[in-house]
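Notes for the structure review
Take a look at the letters that make up each chain.
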Amino acid sequence: MSGQSLLVPGTLSPTRRVPASIPRPEYVGKPAPTPYTGPEVQDAETIEKMRVASRIAARAMEEAAKAIKPGTTTDELDRIAHEYMCDHRAYPSDLGYRGFPKSICTSLNEVICHGIPDSTELRDGDIVNLDVTAYIDGVHGDTNATYLCGEVDEESRLLVERTHESLARAIKAVKPGRRINVIGRVIESYAKRFGYGVVRDFTGHGINTSFHSGLIVPHYDSPHATTEIKVGMTFTIEPMLTLGTYEYDVWEDGWTVVTKDRKRTAQFEHTLVVTDTGAEVLTLP
């Protein structure tokens, strides 16, 4: 694995502005969102709106990823994605969610998730996850991917490649009538082939008019995840695999989650809608 030094917090830039004409999610300016009490199965109109939100999120991530190279700051990646979403009349869902200060999450190397964009510069050999969610017309679309920066060591490259493959396999396992734990069963069984850890405490989730609806989608084979998968359900799958332990620490910022052994980790995510025959990926650019 790369012998690079571990990450330390950088300096935050001022909060980015969103034009007043762009509608905000209800949780902006509040300590927490209002709990979702609606259905997990969505109507055709909501699903169509989610296609739009999901596409914007995917394209914003794609635009930011073009700037990934040694010397680029994670704050610059945030700026690019923020401006793309605002230019397309979408609000960056992360901004102000439970007080999160930036528009996307940027998680490097040993950061499992929820890294805050700041003055940190990407280094040759880093792996960086971009997690982007867009809110428009009352719904959210959520996606993330892990990218290689410059020349990345083989162990890290394989981790990224196999994490992506675990998501692809999990999506194929989604079928109406199955239980939600089939998703984690597929991911965990694949990850075990390579001795990877599978993060347990951060999961996929229901998404619709709510950023996180309350539906939990574990990435390991949980005996408690017995919810039946139904046509029209919308949720994310976002496996986080690690080179070592899945146990973690949280930085003093209250957000940045790092592996306890500080070994590298990768993640990929799509927002899906369940169809008669399987799942449609909404977060394609």
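Not measured: the values here are computed from a predicted model.

Definitions and cut-offs
Residues numbered from 1 in each chain as written. Predicted model: local features only at pLDDT ≥ 70, side-chain atom pairs only at ≥ 80, totals over all residues. Heavy atoms only, no water. Helix = DSSP H or I, 4+ residues; strand = E, 2+ residues; numbered from the N terminus. Buried < 20%, exposed > 50% of the residue type's maximum accessible area, 1.4 Å probe, protein only. Contact = heavy atoms within 4.5 Å. Polar contact = N/O pair within 3.5 Å; in protein donor to acceptor, adjacent residues only side chain to side chain. Pairing = 2+ DSSP bridges.

Before going further, it helps to examine the environment of Asp78. Here Asp78 is to be found in helix H2 (residues 74–87). Its relative accessible area of 0% is what places Asp78 among the buried residues. Each C-alpha atom of the pair Asp78 and Met50 lies 22 Å from the other, and the pair is 28 residues apart in sequence. Residue contacts for Asp78: discarding those within four places in its chain leaves Arg16, Lys102, Ser103, Ile104 and Pro117. Among the polar contacts listed, one links the side chain of Asp78 to the backbone nitrogen of Ile104, at a separation of 3.0 Å.

Take the side chain of Ser107 next. Summarising the element assignment, Ser107 is placed in strand E2 (residues 105–108). Of note is the side chain of Ser107, whose polar atom sits 3.1 Å from the backbone nitrogen of Gly115. The residues touching Ser107, leaving out its near neighbours within four places in the chain, are Ile112, Cys113, His114, Gly115, Ile127, Val128 and Asn129.

Moving on to the sheet that holds strand E13 (residues 265–267). Backbone-to-backbone hydrogen bonds join strands into a sheet, with any given pair of strands oriented parallel or antiparallel. Judged by pairing direction, the sheet is antiparallel, and its three strands sit side by side in the order E6-E10-E13 without closing on themselves. Two strands lie at the open edges of the sheet, namely strand E6 (197–198) and E13, each paired on one side alone. Bridge analysis of E6 against strand E10 (residues 240–242) gives two bridges, and the strand direction is antiparallel. When the bridges of E10 are listed, Val198 appears paired with Leu241.

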